[in-house]
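# What the coordinates show
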Amino acid sequence: MNSNNPFFKNKTFTNTSATAEVHEAKIIDRDETMTVSGTINKSFLMLILLIASAAVTWSMANPIIFAIGGAIVGFILVLIATFKPQYSGFLAPGYAIFEGLFIGGISAIFEVMYPGIVIQAVSCTFVTFMVCFGLYKYEIVKVTEKFKSVVLAATLAIATYYLFSWLLSMFTSFQPVHYGNSMFSIGISAFVIVIAALNLFLDFDQIEKGVQQKMPKYMEWYGAMGLMITLVWLYIEFLRLLSKLNRK
């Protein structure tokens, strides 16, 4: 079982024999292979690009068009990188920029409705990331095969529920149960946040395994991009939860 992050489900992270065969003659110098420090540095660079891009739509009077456009382009870049990870050095920064447009636009809309909610969501996301990173680094939480399978099953269930709820709400009068600010809806949001946080452990584990398997250098961008996807998901879910609590 692999991480449910679409990037880490790519065969590049699983087909170690093929990687060894292709790069056997090259994997000599550490500078030519994936490292944890390199992945962390690229993750920080992507975060800076995302924040800078988000500032653009944040300052707009009507950011919705750019937000939707950024989300669509960002999704396309994710799909391309999933099948062509060797281009991650170009696709990952592009994803950060376009996803930043989406994050900035959505954040601006929520901030108008609930002043102060953005800084709360950012703080919650940062604290959650640091706690999960600490728990993983000091092996307080170990990523076992059972752990992976449970998180994967829960994530697939959430994705399926979101997809069917969205389709039904578009074509029928169906009102998804996670809408509104009922206690049940708040409970669903809290559960989704927990699952999103658990995905961070799987992402850390897959990055570490990529380093151990001496993946090529471009996989640092690939790993950073996958981690950024999980963080964006976690941030959006915190916005949803906090908005429900504010309405409550």
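All of these numbers come straight from a predicted model, not from anything done at the bench.

## Looking at the packing of aromatic side chains
Under the criterion given, the structure shown has 6 aromatic pairs. Aromatic ring contacts, followed pair by pair, group Phe129, Phe133, Tyr136 and Phe204 into a single cluster.

## Regarding the packing of helix α7 (residues 183-212) against helix α8 (residues 219-247)
Running from N to C, α7 and α8 cross one another at 165°; their axes reach a closest spacing of 9 Å. Taken together, α7 and α8 sit at an angle that is classed as roughly antiparallel. Here α7 runs over α8; the crossing is left-handed. Split by residue class, the contact of α7 with α8 holds 17 nonpolar, 6 polar and 3 charged.

## Brief notes about unusual backbone geometry
With phi around 60°, Glu139 is a residue other than glycine that occupies positive phi space. Looking at the secondary structure, you find Glu139 in the loop between α5 (117-137) and α6 (145-171). Here Lys214, not a glycine, exhibits a phi torsion of approximately 55°, which is positive.

Rules behind the numbers
- Residues numbered from 1 in each chain as written.
- Predicted model: local features only at pLDDT ≥ 70, side-chain atom pairs only at ≥ 80, totals over all residues.
- Heavy atoms only, no water.
- Phe/Tyr/Trp six-rings, centres within 6.5 Å; stacked < 30°, edge-to-face > 60°.
- Axes fitted to C-alpha atoms, helices over the stretch in contact; angles between N-to-C directions.
- Helix = DSSP H or I, 4+ residues; strand = E, 2+ residues; numbered from the N terminus.
- Parallel < 35°, antiparallel > 145°, perpendicular 65-115°, else oblique.
- Left-handed = near helix turned anticlockwise from the far one by under 90°.
- Nonpolar A, V, L, I, M, F, W, Y, C, P; charged D, E, K, R; others polar.

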